[in-house]
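# Notes for the structure review
These are the residues of each chain, in order.
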Amino acid sequence: MKYVTLNNGVKMPILGFGVFQIDDMKECEEAVYNALKAGYRLIDTAASYRNEEAVGRAIKRSGIPREEIFVTTKLWVSDANYEKAKLAFETSLKKLDLEYIDLYLIHQPFNDVYGAWRAMTELYKEGKIKAIGVSNFYPDRLVDFIMNNEVVPAVNQVETHPFNQQVKANEIMKEYGVQIESWGPFAEGKNGIFTNEILSEIGKKYNKSVAQVILRWLIQRDVVVIPKSVRKERIEENSNVFDFELNSEDMGKISELDKKESLFLNHDDVEIVKWLNGRK
């Protein structure tokens, strides 16, 4: 496993396992258990996913020492203020049945995120959280947030895949010491990503699947990535990305797929988000 070092010195696995939309608790527990057994050491969940208990059970069941597993969960919008953030954190901690969280993120840049960050900073200083960060923050909102808080977010988890590569956003994150993390690395199958001609040809060249090519491409860009699957064979396949390296020509071909726009927000949605983020 390859690791990245966050801005506070904490080591974070570059490849993890996500559990978004795995609603069945039994299925979620089995998927996380299989992921841990396959070698994943980063598990990403959230309060809004409603499966933290299943994640916690899988961690206990695995028998892997707690200090070897990096657990991320997230604070939902309705709890994003000073008082509710502390209660929400304790609820997540209890559901996960853990003594601390490795990474706690503000899930969306809405509600009283400054109040929530103060609460998270206190929990971080108390040692209940190893690192704190954000998710879905546009570059300008992220910079404003950094300028007005004592602790710089360690991570910004954003939509990142071959069709929305976040090149400029990542440059800004690097400038301020924020680690980029990808959600939706496979674009949830949109735009025919798994049958894309360029990605398929690159996969054939290395005898790898399109999914493995995408994960390797992200890892070579130093992007933390959290693919999701409930199929044991796919979970194992997605972890097998450290035995090959894409050459510069293939990295360049993938870079040409960038549409520089979200596949999950239409134009009107983007304008609403911009307004809510104070971009107008």
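Residues numbered from 1 in each chain as written. Predicted model: local features only at pLDDT ≥ 70, side-chain atom pairs only at ≥ 80, totals over all residues. Heavy atoms only, no water.

Before going further, it helps to examine the packing of helix α2 (residues 52-62) against helix α3 (residues 82-96). α3 packs onto α2 with a crossing angle of 45 degrees between their chain directions and a minimal axis gap of 7 Å. In terms of axis orientation, α2 runs oblique to α3. Seen from α2, the contacting residues are Glu52, Glu53, Val55 and Gly56; seen from α3, they are Ser92, Lys95 and Leu96. When the residues that make up the contact of α2 with α3 are grouped by side-chain class, the tally is 2 nonpolar, 2 polar and 3 charged. (Axes fitted to C-alpha atoms, helices over the stretch in contact; angles between N-to-C directions. Helix = DSSP H or I, 4+ residues; strand = E, 2+ residues; numbered from the N terminus. Parallel < 35°, antiparallel > 145°, perpendicular 65-115°, else oblique. Contact = heavy atoms within 4.5 Å. Nonpolar A, V, L, I, M, F, W, Y, C, P; charged D, E, K, R; others polar.)

This paragraph deals with the pairing of strand β7 (residues 129-135). Taken across its 7 residues, β7 has 6 buried, putting it largely inside the fold. Where strand β6 (residues 101-106) and β7 come together, 5 bridges link them in parallel fashion. Within β7, the position partnered with isoleucine 101 by the bridge is isoleucine 129. At this point the chain moves from β6, through helix α4 (residues 113-125), to the parallel β7, and the crossover so formed is right-handed. Summarising the sheet, β7 and strand β8 (residues 155-159) pair through 2 bridges and their orientation is parallel. Paired with valine 134 across the two strands is asparagine 156, which belongs to β8. Each parallel crossover has a hand, and for β7 linked through helix α5 (residues 139-147) to β8 it is right-handed. (Buried < 20%, exposed > 50% of the residue type's maximum accessible area, 1.4 Å probe, protein only. Pairing = 2+ DSSP bridges. Right-handed = clockwise from strand over helix to strand, strands pointing away.)

Residues given the UniProt feature "domain: NADP-dependent oxidoreductase" (unreviewed entry) here are residues 15-258. With 44% helix and 15% strand, residues 15-258 has end C-alpha atoms that lie 22 Å from one another. (UniProt positions renumbered as here; feature names shortened; annotations may be inferred.)

Further remarks concern the pairing of β6. Within β6, 6 of the 6 residues are buried, which leaves it mostly tucked inside the rest of the structure. The pairing of strand β5 (residues 70-75) with β6 spans 4 bridges and is classified as parallel. Residue pairing for β6: threonine 73 is matched across the bridge by tyrosine 104. Running through α3, the crossover from β5 to the neighbouring parallel element β6 is right-handed.

Summed over all chains, the structure comprises 18 salt bridges. A salt bridge links arginine 57 to glutamate 29; the nearest nitrogen and oxygen atoms lie 3.1 Å apart. Here glutamate 29 lies in helix α1 (residues 25-37) and arginine 57 lies in helix α2, a separation of 28 residues in the sequence. Across the pair glutamate 249 and lysine 253 runs a salt bridge whose closest N-O atoms are separated by 3.8 Å. Note that glutamate 249 and lysine 253 are positioned in helix α10 (residues 248-255) at a spacing of 4 residues, about one turn of the helix. The class of lysine 253 is partly exposed, set by a relative accessible area of 35%. Each member of the salt-bridge network shares a partner with another, and the members are Glu29, Glu30, Arg57 and Arg61. (Salt bridge = Lys/Arg side-chain N within 4 Å of Asp/Glu carboxyl O.)

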